[in-house]
Amino acid sequence: MGGSALPNSSHERRSVLTITEPPRFHSQAKGKNVRLDAHSRKATRRNSFCNGVTFTNRPIHLYEKVRLKLVAVHHGWSGALRFGFTIHDPSQMSSDEIPKYACPDLVTRPGYWAKALPERFAVRDNILAFWVDRHGRVFYSINDEEPILFHCGIKVSGPLWALIDVYGITHEVQILDSMFAETMTTARLSTARLSTCLPQSNHDSANFNNNELENNQVVAKIANLNLSRVPGLATDNHIIPCCPNRRQRAQGVPAFLDTDLRFHPTRGPDITFSQDRMVACTNWQESNRTLVFSDRPLHIGESLFVEVGHLGLPYYGALSFGITSCDPSTLRTNELPADPDFLLDRKEYWVVYRAFPVLNSGDILSFMVLPNGEVHHGVNGASRGMLMCVDTSQSLWVFFTIHGVINQLKILGTVQSSPVTVSPSGSPGGSQYDSDSDMAFSVNRSSSASESSLVTAPSSPLSPPISPVFPPPEPSSSKNGECTVCFDSEVDTVIYTCGHMCLCNTCGLKLKKQLNACCPICRRVIKDVIKIYRP
């Protein structure tokens, strides 16, 4: 690699290793929260969940396994280690060039390839090994088990350095001595599993969740909490006290709701229903597979209201919401995964949304599908804007996963709204949301909807319509909202052709350079980004 002959046989590869020093972490090119030990073999992230980007101190040979031991894993954050390769020499990088995140900050630049390790593999003392072959394919394995195809299209004509982001729940990693991987034969490659790591759009979701968590100072640090000693927990699964500390219903929630929609009997094995299937609770000792579905499709213009509850324990909860064309009655319990992203490879239409803010017990969420395909939501009667765009040409069921602190979900009911008249500009007729107003975009904090290749978002207007169930959001301040990618800079850029205004100019230009770049809101292809100047 890098001008030298490639080791073609296992013997030659072992010979290379005997004369090559094991890789170490680069002593200078690292995020501001990274601390290295005296031998530069162990990297620890000291603070926060990010700024943990590191590189190896030397290029990695083709087929050379970069082996990492997960020394410390601290639950409470969202997401785990990100890893991959780069053609850029870390010795030529300044500290200012190393961003907070490998994903999406680095992977939107040419010459960087990285993805996330699925959280189920981020277990203390697990050994992750990853390598690239001469075809530019990246594989990884856990504890020397069968390899998983992780990435394709890596440029292997020059030197490659390993990129390691000590992110999220991954707190400390150690580089072990290298080994060489065997060549993947055609027969073996056909059996290699495809990676089930989060799609690129969900990296933003993890970053959003962690920022919310850090800002609200609710990080859970209870690795060995004895749940059996917590007072007040219900042990009778037939009587489920959903939301025992329920607050008075927020203004804007209709007083009269239809109650014909319930949870479908098909559910994850770690879910218990009330007798009327209006309340779903996790079996809190083991709450991994917690998918629940509506028992009928949600009608266009119909608002669904649900109430969340939790036990008051300091766990981080990751409520997910999604929409699918799959009739839950066609599914079997053993087909339901812990991570709804696994469903995206199915033939049906699936869309998943994760980036909910930290929720309190008794919060009431609402979801509504508009005729143009936009899905809007609200919290406690206040509109929060659009979550995603969906295909309304087919029947659509809603589904949730319930994790962490969120252990109870109750369906309050539905209400059918009168049809919304939409003006040619895309705004409700006669409303204050004209085409030159970005007020509606300031509440679109992040969409990050994971979509399968079957998802085709309909045309999205410049200003999304506002659900008629909720009062308009309060007038925004002088700021235009935070960029949905970096969450730091002010929104000042509009995407052409969809018209969504959700990016700062810096992130917009980075995103535009990506191959097949899509709008973070509606997933339409980005043709251009236009900076907006205001008086």
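Where an unreviewed UniProt entry is consulted, the chain appears under the name E3 ubiquitin-protein ligase NEURL1B, with the organism given as Bubo bubo. According to the UniProt record, the Function (unreviewed entry) comment for the chain is "E3 ubiquitin-protein ligase involved in regulation of the Notch pathway through influencing the stability and activity of several Notch ligands."

With that out of the way, let us pick up the overall build of the chain. Helix and strand counts for the chain come out as five helices and 29 strands. Buried residues in the chain amount to 56% of all 535 residues. Long-range pairs, those at least 24 residues apart, make up 74% of the contacts in the chain with a sequence separation of at least 6. Working note: accessible area of the chain is about 23,400 Å², and carbon and sulfur atoms make up 49% of it.

Cis geometry is adopted by the peptide bond preceding Pro 104, which originates at Cys 103 and carries an omega value of 10 degrees. Positionally, Pro 104 belongs in helix α2 (residues 102-106). Despite not being glycine, Ser 40 shows a phi value in the positive range, around 55 degrees. Relative to the helices and strands, Ser 40 is located in the loop between β2 (34-36) and β3 (42-45). Located in the positive-phi region is Arg 277, a residue other than glycine, with phi close to 55 degrees.

What follows is about helix α5 (residues 505-513). Within the span of α5, buried status applies to Asn 505, Cys 507, Gly 508 and Leu 511. Viewed end-on, α5 has its buried residues packed into an arc of 160 degrees, placing them on one side of the element. On the buried face of α5, the contacting elements are β28 (493-496) and β29 (528-531).

Right, let's get into the pairing of strand β23 (residues 374-379). Here β23 lies mainly inside the structure; six of its six residues are buried. Note that strand β22 (residues 364-369) and β23 share five bridges and pair antiparallel. Residue pairing across strands places Ser 366 opposite Gly 378, the latter belonging to β23. Two successive antiparallel strands, β22 and β23, enclose a turn made up of four residues, where Gly 373 displays a positive phi of approximately 95 degrees. Pairing of β23 with strand β24 (residues 382-389) involves six bridges; the strand directions are antiparallel. Bridging across to β24, Glu 374 finds its partner in Cys 389.

Spatial strand order, β1-β4-β11-β6-β7: five strands in an open sheet with antiparallel pairing. Pairing within the sheet leaves two strands with one partner each, and these edge strands are β1 (25-30) and β7 (112-116). For this sheet the average axis-to-axis angle between neighbouring strands, irrespective of direction, equals 25 degrees. In this structure, β1 lies alongside strand β4 (residues 53-56), joined through two bridges in antiparallel fashion. Following the sheet pairing, Phe 25 is matched in β4 by Thr 56.

Moving on, we get to the environment of His 88. The residue His 88 is located in the loop between β6 (82-86) and α2 in this model. What makes His 88 partly exposed here is its relative accessible area of 31%. Remark: the alpha-carbon pair of His 88 and Tyr 112, spanning 24 residues in sequence, is separated by 7.9 Å. Ignoring any residue separated from it by four or fewer positions in sequence, one finds His 88 in contact with Met 93, Pro 110, Gly 111, Tyr 112 and Trp 161. Among the polar contacts listed, one links the side chain of His 88 to the backbone oxygen of Pro 110, at a separation of 2.8 Å.

Applying the stated criterion across every chain, the model contains 18 aromatic pairs. Centroid distance Phe 121 to Tyr 140: 6.3 Å. Interplanar angle 65 degrees. Geometry classified as edge-to-face. With Phe 121 in the loop between β7 and β8 (127-132) and Tyr 140 in strand β9 (residues 138-142), this pair connects stretches of sequence that are 19 residues apart. Since its relative accessible area comes to 14%, Phe 121 is described here as buried. For the ring pair Phe 321 and Phe 400, a centre distance of 5.6 Å and an interplane angle of 55 degrees mean the geometry is tilted. With Phe 321 in strand β20 (residues 320-324) and Phe 400 in strand β25 (residues 397-401), this residue pair connects regions lying 79 residues apart in the sequence.

As a further point, take the state of the cysteines. Under the criterion given, the structure shown has zero disulfides. Here Cys 483 is not disulfide-linked; the sulfur of Cys 507 is the nearest cysteine sulfur, at 3.8 Å. Overall, Cys 507 belongs to the buried group, its relative accessible area being 8%.

Mean pLDDT over the chain: 74, with 67% of residues reaching 70 or higher. When the criterion is pLDDT under 50, residues 420-479 qualifies, and its contacts beyond four places in sequence or with other chains add up to 154 contacts.

Turning our eyes to something else, we now look at the pairing of strand β12 (residues 170-175). β12 sits mainly inside the fold: five of its six residues count as buried. The sheet contact formed by β3 and β12 spans three bridges and is antiparallel. Bridging across to β12, Ala 43 finds its partner in Val 173. Sheet analysis places strand β5 (residues 64-73) next to β12, joined by five bridges and oriented antiparallel. Counterpart to Leu 70 in the pairing with β12 is Val 173.

Enumeration over the complete set of coordinates arrives at 10 salt bridges. A single network of salt bridges, built from pairs that share partners, joins Asp 260, Arg 296 and Glu 302.

Now for the nonpolar core. Ranked by size, the top nonpolar core spans 40 residues in total, and within it Leu 117, Leu 128, Phe 130 and Tyr 140 carry the most contacts. The biggest single contributor to this core is β5, with four residues. Counting 34 residues, the second-largest nonpolar core is a separate cluster that includes Val 292, Val 306, Ile 323 and Phe 356.

On to the environment of Pro 147, then. Relative to the assigned elements, Pro 147 resides in the loop between β9 and β10 (148-151). On the basis of relative accessibility, which here comes to 4%, the residue Pro 147 falls in the buried class. Residues Pro 147 and Phe 130, spaced 17 residues apart in sequence, show a C-alpha to C-alpha distance of 8.8 Å.

What counts as what
Residues numbered from 1 in each chain as written. Predicted model: local features only at pLDDT ≥ 70, side-chain atom pairs only at ≥ 80, totals over all residues. Heavy atoms only, no water. UniProt positions renumbered as here; feature names shortened; annotations may be inferred. Helix = DSSP H or I, 4+ residues; strand = E, 2+ residues; numbered from the N terminus. Buried < 20%, exposed > 50% of the residue type's maximum accessible area, 1.4 Å probe, protein only. Contact = heavy atoms within 4.5 Å. Areas by Shrake-Rupley, 256 points an atom, 1.4 Å probe, with all protein chains shown as cover. Arc of directions from axis to C-beta. Pairing = 2+ DSSP bridges. Axes fitted to C-alpha atoms, helices over the stretch in contact; angles between N-to-C directions. Polar contact = N/O pair within 3.5 Å; in protein donor to acceptor, adjacent residues only side chain to side chain. Phe/Tyr/Trp six-rings, centres within 6.5 Å; stacked < 30°, edge-to-face > 60°. Disulfide = S-S within 2.5 Å. pLDDT = per-residue confidence, 0-100. Salt bridge = Lys/Arg side-chain N within 4 Å of Asp/Glu carboxyl O. Core = buried A, V, L, I, M, F, W, Y, C linked by side-chain atoms within 4.5 Å.

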